[in-house]
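As a plain string of letters, each chain reads:
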Amino acid sequence: MTALGALVRRDIRIALRVGGGALIGVLFFLTVVVLMPFAIGPDLALLKQLGPAILWLGALLASLLTLDRLFTADHDDGSLDLIAMSRTPLELSCAAKALAHWIAAGLPLVIATPVLGLLLNLDGNATAAVALTLLAGTPALTFTGMIGAALAVTLHRGGLLLAVLVLPLSIPVLIFGVAASEAAVTEPSSFGAPFSILCALSLLGLVIGPYAAAASLRHGLD
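Below, the structure is looked at part by part. (Residues numbered from 1 in each chain as written. Predicted model: local features only at pLDDT ≥ 70, side-chain atom pairs only at ≥ 80, totals over all residues. Heavy atoms only, no water.)

### Here's the deal with the nonpolar core
Counting residues in each nonpolar core, the largest one holds 28 residues, and the members touching the most others are F29, L55, W56 and L120. Here L120 is in contact with V33, P37, L47, K48, G51, I54 and L55, once residues within four sequence places are set aside. Counting residues in each nonpolar core, the second largest holds 26 residues, with V8, L70, L162 and V166 among its members. (Core = buried A, V, L, I, M, F, W, Y, C linked by side-chain atoms within 4.5 Å. Buried < 20%, exposed > 50% of the residue type's maximum accessible area, 1.4 Å probe, protein only. Contact = heavy atoms within 4.5 Å.)

### Considerations on the packing of helix α6 (residues 90–119) against helix α9 (residues 192–221)
For the pair α6 and α9, the least separation of the axes is 8 Å and the interaxial angle reads 115 degrees. Taken together, the axes of α6 and α9 lie roughly perpendicular to each other. The two elements α6 and α9 meet at a crossing, and its hand is right-handed. Residues L90, E91, C94 and A95 of α6 form the contact with α9, whose participating residues are P210, Y211, A213, A214, L217 and R218. When the residues that make up the contact of α6 with α9 are grouped by side-chain class, the tally is 8 nonpolar, no polar and 2 charged. (Axes fitted to C-alpha atoms, helices over the stretch in contact; angles between N-to-C directions. Helix = DSSP H or I, 4+ residues; strand = E, 2+ residues; numbered from the N terminus. Parallel < 35°, antiparallel > 145°, perpendicular 65-115°, else oblique. Left-handed = near helix turned anticlockwise from the far one by under 90°. Nonpolar A, V, L, I, M, F, W, Y, C, P; charged D, E, K, R; others polar.)

### Re unusual backbone geometry
A positive phi angle, near 65 degrees, is found at N121, a position not held by glycine. In this structure, N121 sits in the loop between α6 and α7 (124–152).

### What to know about the environment of A149
For A149, the location among the structural elements is in helix α7. Along the primary structure A149 and S216 are separated by 67 residues, whereas in three dimensions their C-alpha atoms are 9.3 Å apart. Aside from chain neighbours lying at most four places away, what touches A149 is L67, L70, F71 and L162.

In structure tokens, the structure reads:
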């Protein structure tokens, strides 16, 4: 546990120091949200209706933007080989790195959501609902993306492969995240079902993601 805690702290410090985690993700998230009103027009009612979907789409793309840093830097400097050869199971190391990535890149998106919701004419209840669904759903994006990052780390032009692999797997998270956000505003009684599925997807990613990523890394490093 001490080794895993040190790995989490190391990855968070690296992400914050090089600006590859919270800063780039939040700035991209802000850019998507700011550009959408220009594309849709000044219709405030339409912006309010599409607001949850815009926030979720921006969060999805922002999380995808930083996934390539999950294993690439460690592979380039040789740290990934040391992690794979350590006595700590590689599956737990992958889970620790995914947790650090979510803290550095996913959690800031949740924190920024209440501010960005104002740009889309969302009221307090709608913004809180979107932030809650992002808090429950962004771990699923991280653990799903970790599988693609592990597959792409040893391949040339892995960034393109990462997008091709991760985007289709992220569609269920996007669907139920938007459905839960809209249900919380329009029909609170139906909020429970999509939100429960969203939480289940995050738990499923927590169980499957580290094992699939570890298997991909072992195959790629051999």
